[in-house]
Amino acid sequence: MTDATTATGPDDASGPLLSANNIEVVYNRVILVLKGVSLSVPRGGITALLGANGAGKTTTLKAISHILKGERGEVTRGSIVYDGTETESLTPSDLVRKGLVQVMEGRHCFEHLTVEENLLLGAYTRSESRAERREQLDKTYAYFPRLRDRRHTQAGYISGGEQQMTAIGRALMARPRMILLDEPSMGLAPQLLAEIFGIVDRLNREEKVSFLLAEQNTHAALKHSDYGYILENGRVVMEGASEQLTENSDVKEFYLGLGESGRRGFRDAKHYRRRKRWLS
Amino acid sequence: MDELYFFLEVLIGGLLSGTLYSLVALGFVLIYKASGIFNFAQGTMVLFAALTFVGVLELGAPALLAAVVTLAVMVVLAFAVERFIFRHMVNQPQVILFMATIGLAYFLEGLGQTIWGTEVHVLDLGIPDRGLWLGPILVSQFDLVAAAVVALLVAGLGVFFRTTTMGRALRGVADDHQAALSIGIPLHHVWVAVWSVAGFVALVAGLVWGSKLGVQFSISLVALKAIPVMIIGGFTSIPGAIVGGLIVGASEKLAEVYLGPFVGGGLENWFPYMLAMLVLMVRPEGIFGEKIIERV
Ligand SMILES: Nc1ncnc2c1ncn2[C@@H]1O[C@H](COP(=O)(O)OP(=O)(O)OP(=O)(O)O)[C@@H](O)[C@H]1O
Ligand SMILES: [Mg+2]
C-alpha cells in the first residue's frame, strides 16, 4: 500500500467520509484502467465524478464498493478509506452494513421481483424489527410516491425512470450514510431527470446521505453537487468546486458543449493550455 | 367406456409417478437458477440422503429423528461444498464448475457407500402400497401419497420463496448477481441456502424413490430422468420443472402402453429423451424457460 493516509478512526468526524488515495485498477490482470485516482467525499457532501464514456467512473465506484472482484477486476495500488477505516479487508456486505451502498449503472433491479420485494431486499443487511422496516418502507414511498402505486408490479415491467427510483429506493432501505450513484441520468427524459436529482438533493439534506455521483451529464451533475472531479482515461485531470468547474472555460468547452471546437476532451487541448492547467 | 377408463388409469399413474421426476428436476433448477451451475451431483445427493436416512434408521433411530439428522447432514454438506469447492472457483467458466460437480458426485457416491455399505437397504415408511379404486379407475395408493408429499413440498417452497427474506434473496440472486452484491447480500450465504434446500429436496426424493425401489445405487439414476424434464420445462423455471415432470411421467407411460406393442416395448426408457429432443428443436428454452422481460 502506498500513500499511507491518515487513517484516523471512525469517531473522527472531521475527516472526509470517503477517500480514495491513488488507486490503480487492473482488469483480467493486464488491463490497467485506473491509473492512480484520488478523490474524497466530505460528510454530508455531494461529489460529482465526471468524464466521457470509458473514462473509468464506473470502475472507480466498483472499486470503492468492492464489487470489482466478480468482474475479474482488482485494486492493485492505493487505498480506500471509508469513515476513517481502511476498507481493504471488508466484503461488499460489510460495507453495506456500514452504510456504503452502490446504485449501479443501468439500475439492475431484480426484474422478476415486485417493486416492493426489491425495496424489502434492500434491507437485507439490517437486523431490524418488522415495524422499523415498515417505517423505512413508508419513508421510501414518501420519497418515491410513484413506487407505492407500482408496488405489486414486477420490476421488469415498470418504466426506466421508475426502475431508477426502485434502485435508489432499494439502497435507501439499507439506511445508507453514503450512496455511490452511477449514471442515474442514463436514458431519462429531462423532466424525470430533474425529479430524480431533486430527490437526491432531498436525501442529502433531510436524510444526511452523502453522494458520490458518477455522471456523463456534466451539466446536471455540476448543478446538483458541491465539488467535482473530471476523469479522463483513468486519471483525474481536473477538480474543483462545482460552481468553479461550471465557469471553467475548458470544462465549458469539452464537457458542457459550449466551446467552438466540439467535445474532444482535455487530451486534445493545445499544449500550452494543458501546461497552464497543470501549473495552475 | 373401458377403453377410456384404462386410458385415464394409465394417464393418472403416469402423472403421479411424474411428480417424482418433478422433484428431482426441482433440485437441479434451484441450484442452476441461483448459481448458474448444472449440478451433476444432484442424483447422487438423492442417493446419499437416502443412504444416510436408512443408515441412521438402522442404528435404531425413529424415522422423524433420522429425517432430522439426514437434513442436518445435507446442510453440513451444503456448507462444505461452498467452503471447499465453490468459494475457490468464483469467476471460473461454467464448464469448470460443472466438472467440479462431477467430482463431487463421485466423491459423494464413494463416501456414502464407504460409510453405509453397498448392499440394497429396504426402506419401509409404512406407506400402503395397494391399489385404490377411485370409482372405476385403479390408482396406486403409494403413488398418491408420494404425489401428495411432493405437492406439499412444492407449496412449502413456494411460501418460502415468496414470504421469507432468504427466499426473496434467492430469487434476487437468480435475477441479478451484481445487484444482489450491491445491496450487500453475501453470495456465499445464498449458495449455502440453495444447496441446503436442494439437499432437502434430494432427501424427500430419496425417501420416496428408495421406498419404492429399495435404497441402492440405481436410485441416483433417477437424475437421468430429470434431464428431459428440464429440457422440456426449461432450466430456470420451477413451474417448468413441475409441469415437465408431469409431462414426462404421463407421456412415458402412455407411450409404453399404446406404442410399446408396435416397437416391442422398452419405450418408457427412451421416449422422454426423444420428446426432449423435439422440444429442443422447436423451443430451445423449454416450455417455461425464463421469459426474458422486455418492456415496450
Ligand atoms: N470487466 C471489464 N474487463 C475489462 N475491461 C473493462 C471491464 N469493465 C470496464 N472495462 C474497461 O475499463 C474502462 C473504463 O470503464 P468504465 O465502465 O469504468 O467507464 P465509465 O467512465 O463508467 O464509462 P461509461 O460512461 O460508458 O459508463 C473502459 O475502457 C472499459 O472498456
Ligand atoms: Mg459507467
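What you are looking at is a predicted structure, and each value in this text was computed from that prediction instead of being measured.

S.K.: So what about the coordination of the magnesium ion (ligand 2)? Which residues, and what values?
M.R.: All names here are of chain A. Here the magnesium ion (ligand 2) is held by Thr 58 (OG1) and Glu 105 (OE), and the distances to it run 1.8 to 2.4 Å. Note that Thr 58 is positioned in helix 1 (residues 57-65) and Glu 105 in the loop between strand 6 (100-103) and helix 3 (115-122), a separation of 47 residues in sequence. For Glu 105, a relative accessible area of 30% gives the class partly exposed.

S.K.: How would you summarise the layout of surface pockets if you had to cite specific residues and measurements?
M.R.: Residues and elements named next belong to chain B. Considering only enclosed or pocket space, the second largest pocket measures out at about 580 Å³ in volume. In this structure, the second largest pocket is lined by 26 residues; those nearest its centre are Lys 33, Arg 162, Arg 171, Ile 238 and Pro 239. Of all the elements in the fold, those that place two or more residues in the lining of the second largest pocket are helix 1 (2-35), helix 5 (141-163), helix 6 (165-175) and helix 10 (238-263). Considering each element in turn, the lining of the second largest pocket owes the most residues, five residues, to helix 5. For the lining of the second largest pocket, the class distribution of residues is 13 nonpolar, six polar and seven charged.

S.K.: Break down the packing of helix 1 of chain B against helix 9 (residues 222-233) of chain B for me, with residues and values.
M.R.: Packed helices, taken two at a time, are described by their axes: the angle between them and the distance between them. Residue and element names in this part refer to chain B. Where helix 1 contacts helix 9, the two axes come as close as 8 Å, and the packing angle between them is 80°. In this view, helix 1 runs roughly perpendicular relative to helix 9, as classed from their interaxial angle. For the pair formed by helix 1 and helix 9, the contact residues are Leu 20, Tyr 21, Val 24, Ala 25, Phe 28 and Val 29 on the first element and Val 222, Ala 223, Lys 225, Ala 226, Val 229 and Met 230 on the second. Its residues assigned to classes, the contact of helix 1 with helix 9 shows 11 nonpolar, no polar and one charged.

S.K.: So what's going on with the interface of chain B and chain A? Which residues, and what values?
M.R.: Listed per partner, the contact involves 24 residues of chain B and 33 residues of chain A. Between chain B and chain A, roughly 2,600 Å² of surface is buried when both sides are summed, and carbon and sulfur atoms account for 55% of that area. On inspection of chain B and its partner chain A, the count reaches one salt bridge. When the shortest N-O distance is used, the salt bridge between A:Glu117 and B:Arg171 registers 3.0 Å. Between the two partners, chain B and chain A, sit six residue pairs in polar contact (both at pLDDT 80 or more). Listed by contribution, the elements that provide at least two residues to the side of chain B that touches chain A are helix 6 and helix 7 (177-182) of chain B. Residues of the side of chain B that touches chain A, tallied by class, amount to nine nonpolar, seven polar and eight charged.

S.K.: Describe the sheet that holds strand 2 (residues 31-41) of chain A, and please don't skip the residues or the numbers.
M.R.: All names here are of chain A. Pairing is antiparallel in the open sheet, where four strands are placed in the order 2-1-4-5. Across the chains shown, the open sheet's two edge strands, defined by having one partner strand only, are strand 2 and strand 5 (85-86). Here two bridges tie strand 4 (residues 73-82) to strand 5, and the two strands are oriented antiparallel to one another. Looking at the pairing, Val 81 lines up with Glu 86 of strand 5.

S.K.: Summarise the domain arrangement of chain A; cite the residues concerned and give the values.
M.R.: Note on interface size: it is often stated as the accessible area lost on association of the parts. All names here are of chain A. As far as domains go, chain A holds domain 1 (1-99 + 176-236) and domain 2 (103-174). Using only C-alpha atoms to locate each centre, domain 1 and domain 2 end up separated by 22 Å. Buried area between domain 1 and domain 2, both sides added, is near 2,000 Å², and the carbon and sulfur share of it is 63%. For the pair domain 1 and domain 2, the interface holds two salt bridges.

S.K.: Help me get a handle on the site of ligand 1, residues and values and all.
M.R.: Residue and element names in this part refer to chain A. Taken together, 15 residues lie near ligand 1, and Asn 53, Lys 57, Thr 58, Thr 59 and Glu 105 sit nearest. Within the contact set of ligand 1, an oxygen atom lies 2.8 Å away from a backbone nitrogen or oxygen of Gly 54. Taking Thr 59, its side chain carries an N or O atom lying 2.5 Å from an oxygen atom of ligand 1. The protein chains hide 68% of the 640 Å² of surface that ligand 1 would expose on its own. Of all elements in the fold, only strand 2 and helix 1 reach the threshold of two or more residues within the shell around ligand 1. Here the shell around ligand 1 takes three residues from helix 1, the largest share from any one element. Within the shell around ligand 1, the residues separate by chemical class into five nonpolar, six polar and four charged.

Definitions and limits used
Residues numbered from 1 in each chain as written. Chains lettered and ligands numbered in written order. Predicted model: local features only at pLDDT ≥ 70, side-chain atom pairs only at ≥ 80, totals over all residues. Heavy atoms only, no water. Donors = N, O, S within 2.8 Å, 3.2 Å for Na, K, Ca; no water. Helix = DSSP H or I, 4+ residues; strand = E, 2+ residues; numbered from the N terminus. Buried < 20%, exposed > 50% of the residue type's maximum accessible area, 1.4 Å probe, protein only. 1 Å grid on protein atoms, 1.4 Å probe; cavity = no way out; pocket = protein on both sides within 12 Å on 5 of 7 lines; lining within 4 Å. Points joined across faces, edges and corners; volume = space filled by probe spheres on them. Nonpolar A, V, L, I, M, F, W, Y, C, P; charged D, E, K, R; others polar. Axes fitted to C-alpha atoms, helices over the stretch in contact; angles between N-to-C directions. Parallel < 35°, antiparallel > 145°, perpendicular 65-115°, else oblique. Contact = heavy atoms within 4.5 Å. Buried area = accessible area lost by both parts, 1.4 Å probe. Salt bridge = Lys/Arg side-chain N within 4 Å of Asp/Glu carboxyl O. Polar contact = N/O pair within 3.5 Å; in protein donor to acceptor, adjacent residues only side chain to side chain. Pairing = 2+ DSSP bridges. Domains from an automatic or database assignment. Near = heavy atom within 4 Å. Areas by Shrake-Rupley, 256 points an atom, 1.4 Å probe, with all protein chains shown as cover.

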